[in-house]
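These are the residues of each chain, in order.
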Amino acid sequence: MTSDPQGSGVFDHPWLSGLFGDADMAAILSPDRQLAHMLAFEAAWSRACGRAGIFDPAQAETAARAIEGAQIDRADLAAGMAQDGVPVPRLVAQLKQVAPAGALHKGATSQDVVDSALACTLAEASDLIATRLEAVQAGLAALEARFGAAPLMGRTRMQAATQITVADRLQVWRLPLEGHAARLAALRPRVERVQVGGASGDRRALGDRADQVVADVAAALGLHPAPRAWHAMREGIADYAGLLSLVTGSLGKMGQDVALMAQQGLDEITLTGGGGSSAMPHKQNPVSAELLVTLARFNAVQLSALHLAMVHEQERSGSAWTLEWMVLPQMLAATARALAVAQDMTQRITRIGTP
């Protein structure tokens, strides 16, 4: 799940990505990583079904090894997407050319492959987000230790109120991030779950060995087993998207404050490396602070689409499911970029407080 390969989206555009792009998250969302996760699922599936006696064990291991070394024709996957709406039928057809067909994919369905790959992607993305949340908190704590006792005019409704300290404002930036880190840790087991349901989500093809296969595949992929398929239960994904919007929202509040504090005439904050103007060389524009506001607003808008994507019809939806593919990667990219910008900003603040 990645943005447009032609680079028309801001996150991978040839020059707009200079402002919006994040190389680390782009690698996590790349086609290479997504395909690797899908192949990992298919290999784990063959091995798990072999150990459970559903496939011939020797053929299952042969299939798994062939899957792990398979060279996939991506143009064929793209053609399959246009025809089938999912890449898995063509992927399985290609794998059958190199692996024993009787020990490949049987009992699974396309959504098992794609959603399990998504869960692997979210695990990697969450590692990055957690690390960056910690780094931003550390940067803000360092600023508080350095400038926290300095006086600062408190403002309510953008008007001067009473004097506060720099620590008072910094804590309003930092403490929500602590909460988001805790929310992320609690949420991860709910979204980093293997997807196994088969044709209609009931795992019927696996019989009484379903739990064994699910646990085996989950362990191989570093995911949690799920008590039943979550094909049409997307509240975990919606909740995760909500967390992404909360993170960028809190960083957007920080960015808004910094932009206001940097106004000429207030001069309550000094940052190095402000943005220049082609027409007014004297200006130092608070580009990073503005970007945090933009990314917060972007994610807030995208969140409604993920809530709409919860409305799946019956046991599987095509339209609701594919809407997730369009939106969730963009929210991940925006969140990663916002965290990187906020972390950098904490390093570029050289003074805070009433002049």
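Residues numbered from 1 in each chain as written. Predicted model: local features only at pLDDT ≥ 70, side-chain atom pairs only at ≥ 80, totals over all residues. Heavy atoms only, no water.

Caption draft 1: Broad picture of the nonpolar core. Of all hydrophobic cores here, the largest spans 58 residues; its most connected members are Met25, Ile129, Tyr240, Leu251, Leu332 and Ile352. Looking at this core, the elements with two or more residues in it are α2 (23-28), α7 (110-147), α8 (166-191), α10 (235-261), α11 (287-308), α12 (319-348) and β4 (349-352). Element by element, the count of residues in this core is highest for α12, at 12 residues. For isoleucine 352, the residues in contact, after removing those within four places along its chain, are Leu143, Phe147, Ala150, Val166, Leu170, Met261, Glu268 and Ile269. (Core = buried A, V, L, I, M, F, W, Y, C linked by side-chain atoms within 4.5 Å. Buried < 20%, exposed > 50% of the residue type's maximum accessible area, 1.4 Å probe, protein only. Helix = DSSP H or I, 4+ residues; strand = E, 2+ residues; numbered from the N terminus. Contact = heavy atoms within 4.5 Å.)

Caption draft 2: Structural detail: the packing of helix α3 (residues 31-51) against helix α4 (residues 57-68). The N-to-C vectors of α3 and α4 enclose an angle of 170°; their axes lie 8 Å apart at closest approach. Overall, the two elements α3 and α4 adopt an arrangement that is roughly antiparallel. Counted together, Leu39, Glu42, Ala43, Ser46, Arg47 and Gly50 of α3 and Pro57, Ala60, Glu61, Ala63, Ala64, Arg65, Ile67 and Glu68 of α4 form the full contact between these two elements. The class makeup of the residues in the contact of α3 with α4 is seven nonpolar, two polar and five charged. (Axes fitted to C-alpha atoms, helices over the stretch in contact; angles between N-to-C directions. Parallel < 35°, antiparallel > 145°, perpendicular 65-115°, else oblique. Nonpolar A, V, L, I, M, F, W, Y, C, P; charged D, E, K, R; others polar.)

Caption draft 3: Expanded view of the packing of aromatic side chains. Across all of its chains, the model carries four aromatic pairs by this definition. Taken together, a centroid distance of 5.8 Å and an interplanar angle of 70° make the contact between phenylalanine 11 and phenylalanine 298 edge-to-face. Here phenylalanine 11, found in the segment before α1 (17-20), pairs with phenylalanine 298, found in helix α11; they are 287 residues apart in sequence, far enough to count as distant. Judged by centre distance (5.8 Å) and plane angle (20°), the rings of phenylalanine 41 and tryptophan 45 are stacked. Taken together, the residues phenylalanine 41 and tryptophan 45, both in helix α3 and four residues apart, mark about one turn of the helix. Accessibility expressed as a relative area gives 0% for phenylalanine 41, which makes it buried. Members of the aromatic cluster, connected to one another through ring pairs, are Phe11, Phe20 and Phe298. (Phe/Tyr/Trp six-rings, centres within 6.5 Å; stacked < 30°, edge-to-face > 60°.)

Caption draft 4: Quick peek at helix α6 (residues 88-95). Within α6 the residues assigned to the buried category are Val88, Leu91, Val92, Gln94 and Leu95. In an axial view of α6, the angular spread of the buried residues amounts to 160°, which keeps them on one side of the axis. Turning to α6, the residues buried within the fold contact α3, α4, α5 (74-84) and α7. (Arc of directions from axis to C-beta.)

Caption draft 5: Broad picture of α10. Compared with the 39 Å implied by 1.5 Å per residue over 27 residues, the 39 Å span of α10 between its first and last C-alpha is a close match. The buried fraction of α10 is high, at 20 of 27 residues. (Expected span 1.5 Å × (residues − 1).)

Caption draft 6: Region of the structure containing the confidence of the model for the chain. For the chain, per-residue confidence averages 93 on the pLDDT scale, and 95% of positions sit at 70 or higher. pLDDT under 50 marks residues 1-5. Its contacts with residues more than four places away, or in other chains, come to 12 contacts. A low-confidence stretch, residues 276-283 (pLDDT under 50), is modelled with six contacts involving residues beyond four sequence positions or located in other chains. (pLDDT = per-residue confidence, 0-100.)

Caption draft 7: Molecular detail of the packing of α11 against α12. For the pair α11 and α12, the least separation of the axes is 9 Å and the interaxial angle reads 155°. What the angle tells us is that α11 and α12 run roughly antiparallel. The interaxial crossing formed by α11 with α12 has left-handed handedness. Residue classes in the contact of α11 with α12 are distributed as 18 nonpolar, five polar and three charged. (Left-handed = near helix turned anticlockwise from the far one by under 90°.)

Caption draft 8: Molecular detail of the environment of lysine 106. Within the secondary structure layout, lysine 106 lies in the loop between α6 and α7. Residues lysine 106 and leucine 16, 90 residues apart in the sequence, show an inter-C-alpha distance of 44 Å. When neighbours within four sequence positions are excluded, lysine 106 is seen to be in contact with Trp45 and Phe55.

Caption draft 9: Molecular detail of the pattern of salt bridges. Under the criterion given, the structure shown has 22 salt bridges. In this structure, the salt-bridge partner of arginine 132 is aspartate 24, at a minimum N-O distance of 2.9 Å. One end of the pair, arginine 132, is in helix α7; the other, aspartate 24, is in helix α2, with 108 residues separating them in the sequence. Residue aspartate 76 pairs with arginine 90 through a salt bridge whose shortest N-O separation is 2.7 Å. With aspartate 76 in helix α5 and arginine 90 in helix α6, this pair connects stretches of sequence that are 14 residues apart. On the accessibility criterion, aspartate 76 (22% relative accessible area) is partly exposed. (Salt bridge = Lys/Arg side-chain N within 4 Å of Asp/Glu carboxyl O.)

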